[in-house]
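# Structure assessment
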Amino acid sequence: LRDIYETLEAKGVLQVQLGFNDENSTYLRSLISNLHKNHNHGLPITHSAERGWFWDVRPSPTSFESHQARSETMFRFEWHTDCSYEEQPPRFFALQVLQPDRYGGGTLSVLNVDRLLTLLSPFAQRWLSSYNYKINVPPEFTKTPRTQYIVGNLLAVNLRESSGSQLRFWEDITVPLTLDASKALDELKGILYSGAQEESLHLPPQSLPQGSIIMMDNRRWLHSRNEVKDSNRHLRRVRWDATPFGPCGS
């Protein structure tokens, strides 16, 4: 428990390989409960109004209330952080592999925010840190009809020396509210989709076999996934320790 806690604090990402079957995610549930009891981590957050803490991620032809999360399709999912539309996004998330993609698809890629910032201009960092972005709540993640969007910053730079900078980002739901905010967002997207590949770590299915659990700091690392090729691919996701996003950096 202490090793996992300290690694998440220091590195923000780690992988655990279970040596036993755990179809019900009993280990992961116990782990998060003990991080809460012993290390002040917040408990998991609910997925939406209809779904609870733990939810299955697998391709499905149907969806909830006519809406389907991108992660539950076989399409590519570009760089993002989870729950960027929340006033208090979760600090951490975990994915447990119950059935890896048997045909080589679904590669998980991760990118460290501090490494990304070395590629961003001071102009972009300043405007991404300003409260000039409208972030819409996707229909499939709606918890209350009254909350359709939030307005805030995307970046919080160097909040504490002991922790990295924070980013929240999901292109499809982010709307810049000023011209300079739009220019900064365009610079970020240009780097993510071209210049950031050398800074990324790619984890194909053979690196995340059945029984793998990957845990990640949702603000210090972005993640993406290429096309899923196996309709039986099955992961289980949980997000926890929701706190307010960092203050404006300028």
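What you see is a predicted model, and the numbers here were worked out from it, not measured in a lab. (Residues numbered from 1 in each chain as written. Predicted model: local features only at pLDDT ≥ 70, side-chain atom pairs only at ≥ 80, totals over all residues. Heavy atoms only, no water.)

## Brief notes about the overall build of the protein
How we decide: Numbering of helices and strands starts at the N terminus; helices are DSSP runs of H or I of at least 4 residues and strands are runs of E of at least 2. With C-alpha atoms as the basis for the radius of gyration, the globule rule is written as 2.2 Å multiplied by the number of residues raised to the power 0.38. The contact criterion used is simple: two residues touch if any of their non-hydrogen atoms lie within 4.5 Å.
Within the protein, the regular secondary structure consists of five helices and 14 strands. Relative to the 2.2 N^0.38 estimate, which gives 18 Å for 250 residues, the radius of gyration of the protein is 18 Å and therefore close to what a compact globule would have. Oriented by its inertia axes, the alpha-carbon framework of the protein measures out at about 50 × 40 × 40 Å. Put simply, of all contacts in the protein between residues at least 6 apart along the chain, 82% involve residues at least 24 apart.

## Points about the packing of aromatic side chains
Ring pairs (aromatic) are described by centroid distance and by the angle formed between their planes. Using the following cut-off: Only Phe, Tyr and Trp rings are paired, with Trp represented by its six-membered ring, and only when their centres lie within 6.5 Å; those with planes under 30 degrees apart are stacked, over 60 edge-to-face, the remainder tilted.
In total, this model carries four aromatic pairs according to the counting rule given. A ring pair is formed by F20 and Y27, whose centres lie 6.4 Å apart and whose planes are at 70°; its orientation type is edge-to-face. Taking the centre distance of 5.6 Å and the plane angle of 55° together, the rings of F77 and W170 count as tilted. Here W170 lies in the loop between β9 (166-167) and β10 (174-176) and F77 lies in strand β3 (residues 77-80), a separation of 93 residues in the sequence.

## Here we look at a nonpolar patch on the surface
What counts here: A residue counts toward a patch only above 30% relative accessible area and without a salt bridge, and it is joined to like-charged neighbours within 9 Å or, for Val, Leu, Ile, Met, Phe, Trp and Tyr, to nonpolar neighbours within 5 Å. Residue burial considers only the protein chains on display, and all accessible areas are found by Shrake-Rupley using a 1.4 Å probe. Counted as salt bridges are all cases of a side-chain nitrogen of Lys or Arg within 4 Å of a carboxyl oxygen of Asp or Glu. Relative accessibility decides the category of a residue: with a 1.4 Å probe and only protein chains considered, values under 20% of the type maximum give buried, values over 50% give exposed, and everything between is partly exposed.
On the surface, Y149, V151, V175 and L177 cluster together to form a nonpolar patch covering roughly 340 Å² of accessible area. Secondary-structure assignment places V151 in strand β7 (residues 149-152). For V151, a relative accessible area of 40% translates into the label partly exposed.

## Notes on the pairing of strand β12 (residues 212-217)
Within a regular beta strand, the side chains point alternately toward one face of the sheet and then the other, so they alternate between its two faces. Threshold: One bridge is not enough; two strands pair if DSSP finds at least two bridges between them.
Among the six residues of β12, six are classified as buried, and the element is accordingly described as predominantly covered. By the alternation rule, side chains of β12 split into S212, I214 and M216 and I213, M215 and D217, which are all buried. Two strands pair when backbone bridges link them, and strand β1 (residues 13-17) and β12 are joined in this way by five bridges, in the antiparallel orientation. Paired with Q15 across the bridge in β12 is I214. Sheet topology places strand β4 (residues 90-99) next to β12; five bridges connect them, and they run antiparallel. Paired with A94 across the strands is M215, a residue of β12.

## Some details on the sheet that holds strand β2 (residues 55-57)
The cut-off we apply is this: Axis angles are defined between N-to-C directions and span 0 to 180 degrees, where every axis is a line fitted to C-alpha atoms and, for a helix, only to the segment in contact.
Spatially, five strands are ordered β1-β12-β4-β14-β2 in an open sheet, and the strand pairing comes out antiparallel. Each edge of the sheet is formed by a strand with only one pairing partner; in this case those strands are β1 and β2. Across the sheet, the axes of successive neighbouring strands diverge by a mean angle of 25°, strand direction being ignored. Most of the contacts of helix α1 (residues 2-10) go to β1, to which it runs at about 150°, and overall it touches β1, β4, β12 and β14 (234-242). Here helix α2 (residues 26-39) sits on the sheet in contact with β1, β4, β12 and β14, set at roughly 10° to β14.

## So, unusual backbone geometry
For N40, which is not glycine, the phi dihedral falls at a positive 65°. Of note in the backbone geometry, D241 takes a positive phi value of approximately 65° without being a glycine. With respect to the secondary-structure elements, D241 resides in strand β14.

## Examining the pattern of salt bridges
All told, the structure shown has twelve salt bridges when counted by the stated rule. Across the salt bridge formed by K189 and E171, the nearest N and O atoms sit 3.4 Å from each other. Note that K189 is positioned in helix α5 (residues 179-195) and E171 in the loop between β9 and β10, a separation of 18 residues in sequence. Using a relative accessible area of 18% as the deciding quantity, one classes K189 as buried.

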